[in-house]
Amino acid sequence: MDILTDGRIIHLITSGSGDIVSINTYGAEFFHAVSPQSLTGKNINGFYANPVDREMYLQRLETKGWIENFEVHFSLGGVVYTCLENAVLKRKTTRGEEEIESVIIDISGFVDSNIQTIKLNLELASVNKKLNDAYSTMAQQEKMASIGELAAGVAHEINNPLGFVMSNSRSLHRYIDAIKKALAQNSLSEEANLAFILEDLAEILKENDEGLTRIARITESLKRFSRMDSENKTEKYRLNEAVRDTLVIAKSHYKYKAEVTTDLREIPPFPCYGDAVNQVILNLIVNASQAIDERYKEKKGHIRISTAVDNGFAVLTVSDNGGGVPESAAGRVFDPFFTTKEVGKGTGLGLSLCYDIIVNKHNGQIWFENNDHGGADFIFKIPMEQGDGT
Amino acid sequence: MSEEKVVTIDMVSVGFLRDPDGSTLRCRISGQLETSNSPGFLDTVKDELGRQGVKKMVMELSGLTYVSSTGIGSFTTLLIECKKRGVALVLKNMSEKVKSVFDLLGFTSFFELE
Ligand SMILES: Nc1ncnc2c1ncn2[C@@H]1O[C@H](COP(=O)(O)OP(=O)(O)OP(=O)(O)O)[C@@H](O)[C@H]1O
Ligand SMILES: [Mg+2]
C-alpha cells in the first residue's frame, strides 16, 4: 500500500491551465469519475464551487511557488465539499510544461459539524436575545407596577395630614366670618368669643404647619427618589438620604407590619445609578416587610437598616425577623421569576432586578444570610469608585 | 476616536472608526481572511467592540477578497458576541466572491447585509 495511491487523500497533477495530467484512484472516486484515466485531459476548474478559490490559489502559487492548507470548495453532484489543498508549482517537468502537483484532503465532515455547532450557537444567541428582551419588558412592567403601588401608598400617607389641614381650613373660614361680623357690628364683644378664636387660631396654624411640613417631606422624598434618571450616573449619590427617602415613600407598605430602626454611618457621596439603587433599597424593604407579614399575622415585626463603608465599598444591610429564606429556596432567590408568594402577589422579579443592578451595573455584590432572629439579612456592597467598564 | 486606526494581521487588515458620538463602530476590512489569521482578526475586532457605548457595528467589506470557512466562523462568533451585547451588526458591500462563500456554507440568512 502506498499513501499517495491508496490513502484517502487526493493526489493530483494538473497543467498550469488546470488540465488533469494524473490523479489517484481515491481522487477519481472523489470527483465521481469511473476511473483515473477517464479524468485525464479534463479541466479541474469546472469542479470548483467558487471560481475565486481557484483564482486566489493560482495567484498565491505564482508568488510563493507553493501553497499550504488552502481552503477550497468543490461542487460535486449538487453537494459542496470543503477541502484543504497543498500544492507546489513545478516549472520544468520532464513533460516540458509547467505543472501543479497537489494533495487535497476532504475536511467536509469536520467543517459540517463545526457549521452545525455554529448555527446552533447562533440560534441559541437569538433565543437568548428574545428571552432577554422579554425579561427587560417584564422588568419594566414590574417597575411600572411597583411605581403604581408606591403612588397609592404615598397618596395614602399624604391624605392623612391633608385631612386635618383641610378640616382646619374650614375652621379658619368660620373664624374669619365671625371676626368679619364682629368688625362690621363694631362690637368686639363677648359674643364673638374672640379670645377663644385667637387661641385656637394659633393652635390651628401650628397643626397646619406640621401637616404641610409632613406633606412637603413626602413629596420631596418622592421627587428625590424618582428624579435620578436610570440611564446616567448620579455623580454624588447619598446612600443614607436615599434610605430615609425610601422609608418615607414606602411607609404605607411596612408601617402596620414592622417597626423600622436605622443605623446609618457616615458615607461620602459616590457615583452610581441612583434611581436603580433606590429601586434595590425599596425592593429589599418590601421583601422584608412581606416576610414579616407572612410570619406574624397579628404582631408587628422589626426591620433594621444599616449602612457603612468597608474597604472602599458602600455596604447596606436590610435585616428582618420574618421567617428567613428556607434551604430549599436558598440557591434560587435571585433567579428571575422565582417566588414563594401567592399568585398575584409576587412576580419573582424583585431580587433578580436587584442582582442585575448591583452586580452587572455596578460591579458590586448582593447576597443574604439568615440571622439569629429567625429572619434574613439582605446585604449589598457597591464599590465607591466605579471603574469605567460598567 | 476620530482618526481611523488600522490593525493588520497577516493578510487581513482592519480599520476602525467611531462616529463622533461613539455609538457606531465602523470597521473596514481588506485582504484575505483565512484559517491562519482568523483568531487574530477575531480578537482585534472583539477588543474594539468591547469599548463602552458601542450600539452598532458596521463592517465595510468591499476590500475583503477571500474568506475561508474559519473566516465565516469569525463573523458568526462576532454576530453572537454582538447579540449578547445588544449591538446591531451590519455587513456592508460584501463582494460577490465573498458572498458566495457565505451562501455555500448557508450563513447568509443569519446576517443583516447592506
Ligand atoms: N427578606 C426575605 N425573607 C425571606 N425570604 C425572602 C426575603 N426576600 C426574598 N425572599 C424570598 O425570595 C423570593 C424572591 O424574592 P423576589 O423579591 O425576587 O420576588 P417576590 O418578592 O416573590 O416577588 P416581587 O418582588 O416580584 O413582587 C421570595 O418569593 C421569597 O421566597
Ligand atoms: Mg420582592
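Just so we're clear, the structure is a prediction, and the values are computed from it rather than from any experiment.

Caption draft 1: Spotlight on a negative patch on the surface. A grouping of Glu199(A), Glu203(A), Glu207(A), Asp209(A) and Glu210(A) is seen on the molecular surface, where their side chains present a negatively charged patch. Mapping Glu203(A) onto the fold places it in helix H6 (residues 194-227).

Caption draft 2: Quick look at the sheet that holds strand S7 (residues 258-264) of chain A. Residue and element names in this part refer to chain A. Taken together, 5 strands build an open sheet; the order of strands is S7-S9-S10-S12-S11 and the sheet is mixed. Unpaired on one side and paired on the other, S7 and strand S11 (365-370) mark the two borders of the sheet. Taking the axes of each pair of neighbouring strands and ignoring which way they run, one obtains an average angle of 15° across the sheet.

Caption draft 3: Spotlight on the nonpolar core. Of all hydrophobic cores here, the largest spans 53 residues; its most connected members are Leu239(A), Phe270(A), Ile281(A), Leu316(A) and Phe380(A). If you tally residues by element for this core, the top one is helix H9 (residues 274-295) of chain A, at 10 residues. In terms of domain composition, this core takes at least three residues from each of domain 2 (138-227) and domain 3 (229-390) of chain A. Excluding its chain neighbours within four sequence positions, the residues that come into contact with Ile281(A) are Tyr237(A), Leu239(A), Ala242(A), Val243(A), Thr246(A), Leu316(A) and Phe380(A). Counting residues in hydrophobic clusters, the runner-up holds 40 residues, among them Cys27(B), Val54(B), Met57(B) and Phe111(B).

Caption draft 4: Spatial organisation of helix H10 (residues 350-361) of chain A. All names here are of chain A. Between its first and last C-alpha, H10 extends 16 Å over 12 residues, near the 16 Å set by a 1.5 Å rise per residue. Considered for burial, the residues of H10 that qualify are Gly350, Leu351, Ser352, Leu353, Cys354, Ile357, Ile358 and Val359. Packed against the buried residues of H10 are helix H5 (108-184), H9, S11 and strand S12 (376-383). Downstream of H10 by one or two residues, asparagine 363 has phi in the positive range, about 55°.

Caption draft 5: Expanded view of the interface of chain B and chain A. On the chain A side, the residues contacting the 23 residues of chain B number 24 residues. Between chain B and chain A, roughly 2,000 Å² of surface is buried when both sides are summed, and carbon and sulfur atoms account for 62% of that area. When residues of chain B are sorted by the area they lose upon contact with chain A, Tyr66(B), Lys83(B) and Leu104(B) head the list and together hold 28% of the total. Linking chain B with chain A are 2 salt bridges, by the criterion used here. A salt bridge links Glu34(B) to Arg60(A), with the shortest nitrogen-to-oxygen separation between them at 2.7 Å. Linking chain B with chain A are 9 residue pairs in polar contact (both at pLDDT 80 or more), by the criterion used here. Looking at the side of chain B that touches chain A, the elements with two or more residues in it are strand S4 (56-67), helix H2 (69-85) and helix H3 (96-105) of chain B. With 7 residues, the single largest contributor to the side of chain B that touches chain A is H2(B).

So, how was this worked out
Residues numbered from 1 in each chain as written. Chains lettered and ligands numbered in written order. Predicted model: local features only at pLDDT ≥ 70, side-chain atom pairs only at ≥ 80, totals over all residues. Heavy atoms only, no water. Patch = residues over 30% accessible without salt bridge, like charges linked within 9 Å, V, L, I, M, F, W, Y side chains within 5 Å. Areas by Shrake-Rupley, 256 points an atom, 1.4 Å probe, with all protein chains shown as cover. Salt bridge = Lys/Arg side-chain N within 4 Å of Asp/Glu carboxyl O. Lys, Arg positive; Asp, Glu negative; His and termini not counted. Charge placed at Lys NZ, Arg CZ, Asp CG, Glu CD. Helix = DSSP H or I, 4+ residues; strand = E, 2+ residues; numbered from the N terminus. Pairing = 2+ DSSP bridges. Axes fitted to C-alpha atoms, helices over the stretch in contact; angles between N-to-C directions. Core = buried A, V, L, I, M, F, W, Y, C linked by side-chain atoms within 4.5 Å. Buried < 20%, exposed > 50% of the residue type's maximum accessible area, 1.4 Å probe, protein only. Domains from an automatic or database assignment. Contact = heavy atoms within 4.5 Å. Expected span 1.5 Å × (residues − 1). Buried area = accessible area lost by both parts, 1.4 Å probe. Polar contact = N/O pair within 3.5 Å; in protein donor to acceptor, adjacent residues only side chain to side chain.

Just geometry here; none of it tells us what the structure is for.
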